[in-house]
Amino acid sequence: MAQLCPAARLCPPRPVLAASPANSGEEAGPRLQEVAARDTRIGTGAAGRVTGQRPGCGESRPSRAEGTGPPAGWRSSRVEPMQRLSQKSAGAKTSFFLRGLLPAGRASPLRSFVGDQGGLQESAAQPGSARHGQMMLRNVASSDAIQKHRKSLLDWFSQQPNEERQFGPSFSLDAVHVDPVIRESSLEDILKPSPDPTVQNQLQAPDSRVIGLQNLFDADACGRQVRTVVLYGTVGTGKSTLIKKMVVDWCHGRLPRFEVVVPFSCEDLSQSSGPISLQRLITKKYLHLRKVVPHLGSANLSTLFVLNGLERLNLDFRLASTELCCDPSEPVPPTAIVVNLLRNYLLPEASIIVTTRPSAVRRIPSKFVGRYAEICGFSDTHLQKLYFQLRLSQPGCEEGGAGENNNLVEMLSRNLERHNQIAEACFLPSYCWLVCTTLHFLHYARAVPPAQTLTGIYTSFLRLNFSGEVLDSTDPTQISMMKYVAKTVGKLAHEGVTSRQTCFSEEDLRRCLEGAMKTESELNLLSVFRSDAFRFFLSPCVQPGKEHTFVFTIPAMQEYLAALYVVLGEKKTLGQRVGQEVSELISKVSEDVAVVLSIVSKVLPLRVLPLLFNLLKMFPRYFQRLGSKDRDTIARTMATELFREEDYFNDDVLDQMDSSILGVEGPLRHPDDASDDEVFELFPIFMGGLLSRRNRAILEQLGCSIKNLAAFEIAKAMKKTVIRNGRKGLPPSELMDYLFFLHEFQNERFAAEAVRSLPALNLSSVKMTPLKCAVLASILGTAGHKVEQLNLALCHLDADSLRMLFPVLLRCKTLHLQLNSLGPDACQVIRDLLLHDKCAVSSLRLSDNPLMEQGAQHLAEAIAGNRSLRHLSLLHTSLGDRGVALVARSLAQNQHLQELNVGYNAVTDEAALGLVEVAKQHPTLDKVHLYFNEISEEGKRALQGLRTDRDGVKVLVFLTVGADVSSYWRHILSVARTNLPVWDRDRVQQHLALLLQDLQSSRRQTRNLWKKAKLWRVEREVKGMLGKIQQGAL
């Protein structure tokens, strides 16, 4: 016998039925001849069907029908129906099918067209008739029925899941798609033990063969046609998306190898256990194929069955458990249909592609598999960049403009090139989706209130990957994958959060994953988890010096799972766990024991037993009361983590999230440098978000139930902890985190009570992105109360930001908008704000904004018609003489303004004197600021002499008037010296020169000798600092 190739050794030749002892002898010979003669008369030879062989690697191998066929006796018994079929008219047999598929007037079909398993053979004496039959079957493939099937499949598979529609732009599979890397594998690779049981090596071997999606059914290395392909990969590698892409390609005619594609979801099949035939199963799901079903699997009608998610089915290939079935019309359990399809016994000419997780690959005997292929995700960073480029360039991202989109893609690409941990995470296509969705949420969310929450994004992300997933379908516990993750990986995540740790050793993993194992079943579950989902949550650390440790694939996932671990109540002491088990046991047996004791106590003098048992029944109630204390513990944990003083001066969590994805621009930290303390400020925010009704509903689908009563009790306890701590004065970044927490919690009544308790809102220096503006507007909108003070200085606001915040700004009494980028277009929004009937703004600071003369025109209209404004600061707003003149003319129609600051606006004597003259006539305006302007010394002397009691207005032409200049200016110089390395040195020199000029003028104008001495001392300090800057000493 010729030497077999390795692939042939995996599938050894099967015995030829015609040569078996059961078919030898004098009795078998006439019977086979009779069968052959009858089959020849109907156009298909029994000998060719039973003993037909296909050349293999070096020797003849049996066909697919032989290797899985029944014994010879079974095969001969199938001749009788065919004999009866041959006695009927072939034209009458096929007329019903072809009448619905062929055009009118077509010649009658061939007599040799037979519907036995879709088979079609012609004798050598009828070559023209064979070509005619093949042409007619080609017409079947191009019939209206199949075209309708294509359209139906395209409509179904083109539908995007809720997550795609809710979380920003997405691209349809038939338009743009990035295929993951697919590597051809073998059974030896699957069975080969990994040197590290907790790591899946993503770097492919140099000699590994990459195969395209279109080539999965190409002939193998031995030249045999591949009929069955097993496509496997861990959770998140894109198996389901790849299958959807394959079906969509077929619908568009880009998969010409197959004329009919029939997809099945194994999750759907696992839900029904009643007997059903394959034909009924297909027509039940795909009505348009009812006329094509009798001919599926024929040699000339290539058919592809798609079985997605085989791990959902508990298959048994033993004949004692799953009987043979080759009749597509015979009702059997769905698992039996799948088993016989994979055995190549049911519709043996059909092709099959199966997707599954690695742990379930071995459920299919290797002799039934033609090719193994592993999905390796985006192991090339170029694929990751391509995905991000396509995704972030979709129409839904146009709100930020093309410039911002390109900037995001560029920053993300640079972060990937640095071999950051994010590149390790984006090896999984699922995490690429999460990154794009998070970026869209951070940069393009503009609805008020925001349509999504960060917790909702992560919860929906897990639903996309784990919805309906059972860790092991063969395990009797049927524990959901997500529940198992919350109990094991969640414990590891929580320990890391409490110890401020992000890197975990092998010992840490063993303690959390293997510590509680007691049974064989638990060990099997752990093995399945390590094989299928470990890489989804944990990956090797790429930081130098920590190569043998593990980190969570996405940093925020650690905080999410830690929060889930706590909220689900998995954080229990040993006493609490034992008490819960005893309480459940007593609750289960209490009624039965009570009945037995009542009977026994009537017969025997044991009256004390019912009394003792009633006392014992009190234990579940007492334990339930103790359990309510756990809710207080969760609330206290939330408050403690939310208001940690160590985190007061960190960036807010949204900026932290943005930096973790896009990276931090600047020099890289040296590996020897001490790292900063780990920050876990998302942990309490995720805890609040998981308690929202929407996220609890999604977690219920994942097998992680949070009861309504538990959520209510936690929220009740939070009022005593979170709201009380929130009343303290919080730094701006922490206040933003607190507002974001209230948004994630999604409880309007709780948010309203929380914001009413805040005396003032200071968000100065917080970069107010559109998302943060939407969160602020949404949370403050829940209360509807008057806001005493809102400080939004140096918050990068623009006109769009003011429009989003408009309802909030209306209710603010004191409003700080200085040091932003508000221009003339923003002045239109401010005009509408001040002219609104419900405007409550009494003090408005617009200092250091480029309002210009055009903006002054809008402000003049607002001043003329406003009734609430008392104090207005337009310091350093580039108004000029014309802008100040516009403001002065509007004062004649205003009856309420008390103070106006137009300092540092390049105002000359004429405009300054004109403004003062109007102010003298104003009934309430008693103070005007005109310092740092281009007013002559004579003009300053004239303006400084004005008094409120005599002239009706006081004019401040020097900043130092009425101030303790020594301490005041020393603080200014200290701040300037501290920030000089990061500030523009030319602008610092310009401002210091201006301040020096003001000091000199003020010193000359004042007559108080003591004040002259103070001004001279400060003047000397300013001169010294200005000189050092000019010399480069600072």
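The structure under discussion appears in the preceding block.
Before going into details, it helps to say that this report is about the structure given with it.

Criteria and thresholds
Residues numbered from 1 in each chain as written. Predicted model: local features only at pLDDT ≥ 70, side-chain atom pairs only at ≥ 80, totals over all residues. Heavy atoms only, no water. Pairing = 2+ DSSP bridges. Helix = DSSP H or I, 4+ residues; strand = E, 2+ residues; numbered from the N terminus. Core = buried A, V, L, I, M, F, W, Y, C linked by side-chain atoms within 4.5 Å. Buried < 20%, exposed > 50% of the residue type's maximum accessible area, 1.4 Å probe, protein only. Contact = heavy atoms within 4.5 Å. Polar contact = N/O pair within 3.5 Å; in protein donor to acceptor, adjacent residues only side chain to side chain. Axes fitted to C-alpha atoms, helices over the stretch in contact; angles between N-to-C directions. Left-handed = near helix turned anticlockwise from the far one by under 90°. Nonpolar A, V, L, I, M, F, W, Y, C, P; charged D, E, K, R; others polar. Phe/Tyr/Trp six-rings, centres within 6.5 Å; stacked < 30°, edge-to-face > 60°. Lys NZ or Arg CZ within 6 Å of the ring centre and 35° of its normal. Salt bridge = Lys/Arg side-chain N within 4 Å of Asp/Glu carboxyl O. Patch = residues over 30% accessible without salt bridge, like charges linked within 9 Å, V, L, I, M, F, W, Y side chains within 5 Å. Areas by Shrake-Rupley, 256 points an atom, 1.4 Å probe, with all protein chains shown as cover. Lys, Arg positive; Asp, Glu negative; His and termini not counted. Charge placed at Lys NZ, Arg CZ, Asp CG, Glu CD.

### Brief notes about the sheet that holds strand β15 (residues 843-845)
Then step 1. Taken in spatial order, the eight strands of this open sheet run β12-β13-β14-β15-β16-β17-β18-β19, and their pairing is parallel. The sheet terminates laterally at β12 (761-762) and β19 (954-956), the two strands that pair on one side only.
Then step 2. Pairing of strand β13 (residues 787-791) with strand β14 (residues 812-816), which is carried by four bridges, proceeds in the parallel orientation. Its bridge partner being in β14, Leu790 is matched across the sheet by Leu815.

### Some details on the nonpolar core
Then step 1. Tyr458, Phe529 and Tyr738 are the most contacted members of the largest nonpolar core, which has 192 residues in total.
Then step 2. Discounting chain neighbours no more than four positions away, the residues touching Tyr458 are Leu434, Thr438, Ile554, Ala556, Met557, Tyr560, Met657 and Phe686.
Then step 3. Membership of the second largest hydrophobic core comes to 71 residues, among which are Val229, Cys251, Leu310 and Val338.

### Overview of helix α33 (residues 748-756)
Then step 1. Taken together, the buried positions of α33 are occupied by Phe750, Ala751, Ala752, Ala754 and Val755.
Then step 2. The elements touched by buried residues of α33 are α31 (708-726), α32 (732-745) and α34 (770-781).
Then step 3. Its side-chain oxygen placed 3.3 Å from the backbone nitrogen of Arg749, Asn747 serves as the N-cap of α33.

### Re the packing of helix α9 (residues 144-157) against helix α12 (residues 239-251)
Then step 1. Their axes nearest at 9 Å, the elements α9 and α12 cross at an angle of 140 degrees. Between α9 and α12 the crossing geometry is left-handed. When α9 is examined against α12, the residues Ile146, His149, Arg150, Leu153, Leu154 and Phe157 are found in contact with a partner set consisting of Lys244, Val247, Val248, Trp250 and Cys251.
Then step 2. The class makeup of the residues in the contact of α9 with α12 is eight nonpolar, one polar and two charged.

### Focus: the side chain of Asp249
Then step 1. Structurally, the position occupied by Asp249 is in helix α12.
Then step 2. Apart from the residues lying within four places of it in its own chain, the contact partners of Asp249 are Gln214, Arg254 and Leu255.

### Section: the packing of aromatic side chains
Then step 1. Applying the stated criterion to the full structure yields 24 aromatic pairs.
Then step 2. Taken together, a centroid distance of 5.2 Å and an interplanar angle of 55 degrees make the contact between Tyr431 and Phe461 tilted. With a gap of 30 residues between them, Tyr431 in helix α19 (residues 429-444) and Phe461 in helix α20 (residues 454-466) connect regions that are remote in the sequence.
Then step 3. By the ring-pair criterion, three or more aromatic residues cluster together here, those being Tyr431, Trp433, Phe461, Phe466, Phe536 and Phe537.
Then step 4. The side chain of Arg150 reaches across the aromatic face of Trp250, ending 4.1 Å from its centre.

### Examining the pattern of salt bridges
Two side chains with opposite charge may pair up if their charged atoms get near one another.
Then step 1. Inspection of the entire model under this criterion finds 36 salt bridges.
Then step 2. Note that Arg227 and Glu349 form a salt bridge whose closest N and O atoms lie 3.4 Å from each other. With a gap of 122 residues between them, Arg227 in the loop between β4 (209-210) and β5 (228-232) and Glu349 in the loop between α15 (334-342) and β8 (351-356) connect regions that are remote in the sequence.
Then step 3. A salt bridge links Glu507 to Arg510; the nearest nitrogen and oxygen atoms lie 3.4 Å apart. With Glu507 and Arg510 both in helix α22 (residues 506-514) and three residues apart, the pair spans about one turn of that helix.
Then step 4. Under the relative-accessibility criterion, Glu507 is labelled partly exposed at 46%.
Then step 5. For Arg510, a relative accessible area of 38% corresponds to the partly exposed category.
Then step 6. Each of Glu267, Glu311, Arg312, Arg357, Glu469 and Asp532 takes part in a single network of salt bridges with overlapping partners.

### Here's the deal with the sheet that holds strand β9 (residues 371-375)
Sheet strands line up and pair through hydrogen bonds in the backbone, either parallel or antiparallel.
Then step 1. Spatially, β4-β3-β9-β5-β8-β7-β6 is the arrangement adopted by the seven strands of the open sheet, whose pairing is mixed. For this open sheet the edge positions go to β4 and β6 (260-265), each flanked by a neighbour on one side alone.
Then step 2. Pairing between β6 and strand β7 (residues 303-308): six bridges, direction parallel. Each residue of the ladder has a partner; that of Pro263, found in β7, is Val306.
Then step 3. Its contacts with the sheet put helix α14 (residues 278-285) on β6 and β7, and the angle it makes with β6 is roughly 90 degrees.

### Brief notes about a positive patch on the surface
Then step 1. Together, Arg636, Lys716, Lys720, Arg724, Arg727 and Lys728 line one region of the surface with positive charge.
Then step 2. Residue contributions to the positive patch peak at three residues, all from α31.
Then step 3. When you line up the elements, Arg636 lands in helix α27 (residues 608-642).

### Let's talk about unusual backbone geometry
Then step 1. Geometrically, the link from Val448 to Pro449 is a cis peptide bond, its omega value of -5 degrees lying close to zero.
Then step 2. Inspection of the secondary structure assignment puts Pro449 in the loop between α19 and α20.
Then step 3. Its identity as a non-glycine residue notwithstanding, Leu347 has a phi of 50 degrees, on the positive side.
Then step 4. Relative to the helices and strands, Leu347 is located in the loop between α15 and β8.
Then step 5. Despite not being glycine, Leu819 has its phi angle at roughly 60 degrees, a positive value.
Then step 6. Note that Leu819 resides in the loop between β14 and α36 (824-835).

### Some points on the pairing of strand β3 (residues 182-185)
Then step 1. The alternating pattern of β3 places Ile182 and Glu184 on one face and Arg183 and Ser185 on the opposite face, and all of these are buried.
Then step 2. Note that β3 and β9 share four bridges and pair antiparallel. From the neighbouring strand, Ile182 faces β9, where its bridge partner is Ile375.
Then step 3. Bridge count for β3 against β4 is two bridges, and the pairing is antiparallel. Of the residues in β4, the one forming a bridge with Arg183 is Val210.

### What about the pairing of β5?
Then step 1. Judged by how many residues are buried, β5 sits mostly within the fold: five of five residues are covered.
Then step 2. Residues Thr228, Val230 and Tyr232 of β5 are buried on one face, and the alternating residues Val229 and Leu231, pointing to the opposite face, are buried as well.
Then step 3. As judged from the four bridges shared by β5 and β9, these two strands associate in the parallel manner. Each residue of the ladder has a partner; that of Val229, found in β9, is Arg371.

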